[in-house]
Amino acid sequence: MKKSRSKILIIDFGSQYTRLIARKIRESRVYCEIYPFNSPLDKIKDFEPDAVILSGGPASVYDKDAPIISKEIFELGIPFLGICYGMQITAYLLGGGVKPAKNREYGHSNLEIIKKSKLFNGCEKSSLVWMSHGDIIVKIPHGFIVTSQTENCDTASFENPEKKIYGLQFHPEVIHTACGTKILNNFLFNIAKVKGDWELDDFISGKVREIKELADGKRAICALSGGVDSTVAAVLTNLAVKEKLKCIFVNNGLLRETEAKSVMKYYRENLNLNIKLVNASGLFLKELKGVAAPERKRKIIGKLFIKIFEKEAEKIKGVNFLVQGTLYPDVIESVKVFGASSIIKSHHNVGGLPKKLNLKLIEPLRELFKDEVRIIGKNIGIPDEIIKRQPFPGPGLAIRIIGEVDKRRLDVLRKADAIVTEEIRKAGLYDKVWQSFPVLIPVKTVGVMGDKRSYESLIALRVVTSADGMTADFAKIDYDILRICSSRIISEVKGINRVVYDITSKPPSTIEWE
Ligand code: XMP
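For every chain, the first residue of the written sequence is number 1, and numbering continues from 1 along that sequence. Owing to the predicted nature of the model, reporting of local features is limited to residues with pLDDT of at least 70; listing and counting of side-chain atom pairs is limited to 80 or more, with chain, interface and lining totals taken over all residues. Side-chain measures here rest on the full set of heavy atoms in the structure, leaving out hydrogens and waters.

Some points on the overall build of the chain
Condition: Strands are runs of DSSP state E lasting at least 2 residues, helices are runs of H or I lasting at least 4, and numbering of each runs from the N terminus. In this treatment the radius of gyration is a C-alpha quantity, and the globule benchmark scales as 2.2 Å times the residue count to the 0.38 power. A simple rule labels every residue: compare its accessible area, found with a 1.4 Å probe on the protein chains alone, to the largest value its type can have, and call it buried under 20%, exposed over 50%, or partly exposed in between. Note on areas: Shrake-Rupley with a 1.4 Å probe; residue coverage comes only from the protein chains shown. Positive charges are assigned to Lys and Arg, negative charges to Asp and Glu, while His and the chain termini are left out of the count. Charged groups are reduced to one reference atom each: NZ for lysine, CZ for arginine, CG for aspartic acid, CD for glutamic acid.
The helix and strand tally for the chain stands at 14 helices and 18 strands. Against the globule reference of 24 Å for 514 residues, the chain gives a C-alpha radius of gyration of 26 Å, in line with a compact fold. Burial analysis of the chain (514 residues in total) assigns 54% to the buried set. When the accessible surface of the chain is split by element, carbon and sulfur atoms take 51% of a total near 24700 Å². Of the side-chain charges in the chain, 80 are positive and 62 negative, and the distance between the mean point of each set is 4 Å.

Written as structure tokens, this is what we have:
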């Protein structure tokens, strides 16, 4: 079968930057996927990549459990680019030598290009790059030449232009490397000679065709959450199967003010979706009664959601498919180098829907990153109101109330949330930050209001900037906006007499408080 588009394969050795490489390549309109380092060679061949990028990683090639790939991969006859650990493993497998450096190099370094290279076409002879390594290459493999250096690193890049194998000790994918995008584009377009043919509009028509064929006139159901992902997945499927798609929106009572109503209105009037609203607020509150532990809350909400959804789905006869808004970051197998990564939070709604129903999955967004989903959503006519919504967690306000959740606390938090959202919008920040929301901390502190002592709970404001929610910075917003939020919350929300601002980033904190 003829390949339809150019494809790059990124092999992941556990670097925190692997996904960034993928996003950079997609931004250059080249399709790419990430496979873990231990993927079988046959699977790699089946993907038919036009070129391979070997990512960085935390290991040292000589470590006992270092992630290694088969040397045969270099016999595929396609271009290779090794980045950091990816360069070291290239050197190691092809007969070079790697050793711990005297000084670990971390942060900015000045790169000097010492040999002309296709990889550096159009780059300044001397520029800043981002380094993060403990090992260095002490012997380059036969047939390779060194093309650049930094003060602490004699082999900052090497290449075998004949075999089209390249290595960079620094990270071209991070913003701190001045000529990083140029280098990646040189690799893609001058060395691998791929085409920038990853077009989201082609994706839409192709996907609609694919879903139509897959569904073959059968019925599908979809759980809508009001967020971007499930909405785009549903609308794409709706374009393919029309009235055969039935959507379900479960109001768990943990939503923001007027959310269920306004979202339903949009779905019905603007998006023409066949949707049923299930009001299960009472059930959720009953199950959450007396529960304070975050993970317990998350589990209860997740399980109950599935139970209700299953019950609703069973009422619809002859359903064969379940539509889910799974994104590419949820699909990438995380590489575990040196020990298993621990579960920080059990996210609900990531591929966790009913197994009992025995439905086949339609996951139209499986190959996409969030920013791509937003573009597609816009192109298929989903209004900004939904496309530009800040992410809202599946467990809703329950994980923004520390400790036990009850109706009174939910009402307090809803009022504060409406104020924060209004003020953040007014200040023009709603689309600029990743998320902005209040958290209710039912710990009482003393205040004074109108000459009288008050003893009430406090609200923490959380406003963060982030590219993908994986890491985040607290937003350095204007004191005046904080002041307005604070004074409005205190005067308009009964039960609150203090407002604080959360100034921690992720890591070490997480975005949501629970
Ligand atoms: P944390 O709190 O882990 O959040 O730093 C990262 C991003 O994920 C969102 N979040 C969730 N989204 N289901 C979701 O769909 C969940 O259970 C969930 N928990 C957190 C959070 O709002 C942030 O954007």
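Let's talk about the nonpolar core
What counts is decided by this rule: Note on terminology: a nonpolar core comprises buried Ala, Val, Leu, Ile, Met, Phe, Trp, Tyr and Cys residues joined through side-chain atoms within 4.5 Å. Where each domain starts and ends follows an automatic or database-derived domain assignment. Contact between two residues is taken to exist if any of their heavy atoms lie within 4.5 Å; hydrogens are not considered.
Counting 72 residues, the largest nonpolar core has Ile11, Leu54, Leu224, Val232, Phe249, Tyr267 and Ile376 as the members making the most contacts within it. It is helix H6 (residues 228–241) that contributes the most residues to this core, eight residues altogether. Each of domain 1 (7–191) and domain 2 (200–387) accounts for three or more of the residues forming this core. Residues in contact with Ile376, not counting those within four places in the same chain, are Leu200, Phe203, Ile204, Val232, Leu236 and Leu368.

Some details on helix H4 (residues 180–191)
Given 3.6 residues per turn, any residue in an α-helix points the same way as the ones three and four places further on. Convention followed: Expected span of a helix, by definition, is 1.5 Å for each gap between consecutive residues, and there is one gap fewer than residues.
The end-to-end C-alpha distance of H4, which contains twelve residues, comes to 15 Å, matching closely the 16 Å that a straight helix rising 1.5 Å per residue would cover. When H4 is considered as a whole, its buried residues turn out to be Gly180, Ile183, Leu184, Asn186, Phe187, Leu188 and Ile191. As for H4, its buried residues are in contact with strand E1 (7–12), helix H1 (18–27), strand E3 (51–54), strand E4 (80–83) and strand E9 (165–168). A positive phi of about 55° marks Lys193, the residue just after H4.

With respect to the site of the ligand
Put simply, the rule reads: Near, as used in this document, describes a residue that has one of its heavy atoms within 4 Å of the molecule or strand being considered. The term polar contact refers here to a pair of N or O atoms within 3.5 Å; inside protein, the definition further demands a hydrogen-donor-capable atom paired with an acceptor-capable atom, and it admits residues adjacent in sequence only when both atoms are side-chain atoms.
Close to the ligand lie 16 residues; Lys345, Gln435, Lys506, Ile511 and Glu512 are nearest. Trp434 has a polar side-chain atom sitting 3.2 Å from an oxygen atom of the ligand. In the environment of the ligand, an oxygen atom lies 2.5 Å from a nitrogen or oxygen atom belonging to the side chain of Glu512. When isolated, the ligand has an accessible area of 490 Å², and the protein chains bury 88% of it. In terms of domain composition, the shell around the ligand takes at least three residues from each of domain 2 (200–387) and domain 3 (399–501).

Quick word on the packing of aromatic side chains
This is how the line gets drawn: Here a pair means two rings of Phe, Tyr or Trp (six-membered ring of Trp) with centres within 6.5 Å. Their orientation is stacked below 30 degrees between planes, edge-to-face above 60, and tilted elsewhere.
Inspection of every chain in the model, using the stated rule, returns twelve aromatic pairs. Ring centres of Tyr35 and Phe47 lie 5.5 Å apart, and the angle between their planes is 55°; on these two criteria the pair is classed as tilted. Taken as a pair, Tyr35 in strand E2 (residues 31–36) and Phe47 in helix H2 (residues 41–47) lie far apart in primary sequence, twelve residues in all. Overall, the relative accessible area of 10% leaves Tyr35 in the buried class.

Re the sheet that holds E2
Defined as follows: Following DSSP output, two strands are said to pair if at least two bridges run between them. Only C-alpha atoms enter the line fits that serve as axes; for helices the fit covers just the stretch in contact. Angles between N-to-C directions range over 0 to 180 degrees.
Reading across the sheet, the nine strands line up as E2-E1-E3-E4-E9-E8-E7-E5-E6 and stay open at both edges, with mixed pairing between neighbours. Whereas interior strands pair on both sides, the edge strands pair on one side only; in this sheet they are E2 and strand E6 (126–139). If you compare each strand with its neighbour and ignore which way they point, the axes differ by 25° on average. Bridging between E3 and E4 involves three bridges; their strand directions are parallel.

Some remarks on the state of the cysteines
Counted only if it meets this: Note on disulfides: each one is a pair of cysteine sulfur atoms within 2.5 Å.
The tally for this structure, following the rule as stated, stands at zero disulfides. For the unlinked cysteine Cys123, the closest cysteine sulfur is that of Cys179, found at 3.9 Å. Since its relative accessible area comes to 16%, Cys123 is described here as buried.

Here's the deal with the pairing of strand E10 (residues 219–224)
We apply this condition: Orienting the strands away from the viewer, one traces the path from the first strand over the helix to the second; a clockwise path indicates a right-handed crossover.
Among the six residues of E10, five are classified as buried, and the element is accordingly described as predominantly covered. As paired elements, E10 and strand E13 (residues 319–323) share four bridges and run parallel to each other. Its bridge partner being in E13, Cys222 is matched across the sheet by Val323. Two elements, E10 and strand E11 (residues 245–251), share five bridges in a ladder whose sense is parallel. Each residue of the ladder has a partner; that of Ala223, found in E11, is Ile248. Between the parallel elements E10 and E11, the chain passes through H6 in a crossover that is right-handed.

Describing the side chain of Gln390
Take Gln390: it is sitting in the loop between helix H12 (384–387) and helix H13 (407–426). Not counting the four nearest positions on each side in its chain, Gln390 is found in contact with Tyr430, Val433, Trp434, Gln435 and Ser436.

Notes on the packing of H13 against helix H14 (residues 479–492)
For any two helices packed against each other, the geometry comes down to the angle between their axes and how far apart the axes lie. We apply this condition: The cut-offs work like this: below 35 degrees is roughly parallel, past 145 is roughly antiparallel, 65 to 115 is roughly perpendicular, and the gaps in between are oblique. Two helices that cross are described as forming a left-handed crossing if the nearer one is turned anticlockwise from the farther one by less than a right angle, and a right-handed crossing if clockwise.
As a packed pair, H13 and H14 sit with axes 10 Å apart at the nearest point and diverge in direction by 150°. The orientation of H13 relative to H14 falls into the category roughly antiparallel. In the crossing of H13 with H14, the sense of the turn from one axis to the other is right-handed. Within the contact between the two elements, H13 uses Lys415, Ala416, Ile419, Val420, Glu422, Glu423 and Ile424 and H14 uses Ile481, Ile484, Cys485, Arg488, Ile489 and Glu492.

Quick word on the domain arrangement of the chain
Partitioning the chain into structural domains gives domain 1 (7–191), domain 2 (200–387) and domain 3 (399–501). Centre-to-centre separation of domain 1 and domain 3, based on C-alpha positions: 45 Å.

Description of the pairing of strand E8 (residues 153–160)
Burial analysis of E8 places seven of its eight residues in the buried class, which makes it a mostly covered element. Sheet analysis places strand E7 (residues 145–150) next to E8, joined by four bridges and oriented antiparallel. Looking at E8, one finds that Thr150 is bridged to Cys153. With four bridges joining them, E8 and E9 adopt antiparallel strand pairing. Within E9, the residue paired with Asn160 across the bridge is Ile165. In this structure, the hairpin formed by E8 and E9 is closed by a connection of four residues, where Lys164 is found at a positive phi of approximately 60°.

Digging into the packing of helix H5 (residues 200–215) against H6
Selection rule: Think of it as three bins: nonpolar holds Ala, Val, Leu, Ile, Met, Phe, Trp, Tyr, Cys and Pro, charged holds Asp, Glu, Lys and Arg, and polar takes everything else, Gly as well.
Running from N to C, H5 and H6 cross one another at 60°; their axes reach a closest spacing of 8 Å. Taken together, the axis directions place H5 and H6 in an arrangement best described as oblique. In terms of crossing hand, the pair formed by H5 and H6 is right-handed. Contacts between H5 and H6 involve Ile204, Lys207, Val208, Ile211, Lys212 and Ala215 from the first element and Leu236, Thr237, Leu239, Ala240 and Val241 from the second. For the contact of H5 with H6, the residue count by class is eight nonpolar, one polar and two charged.

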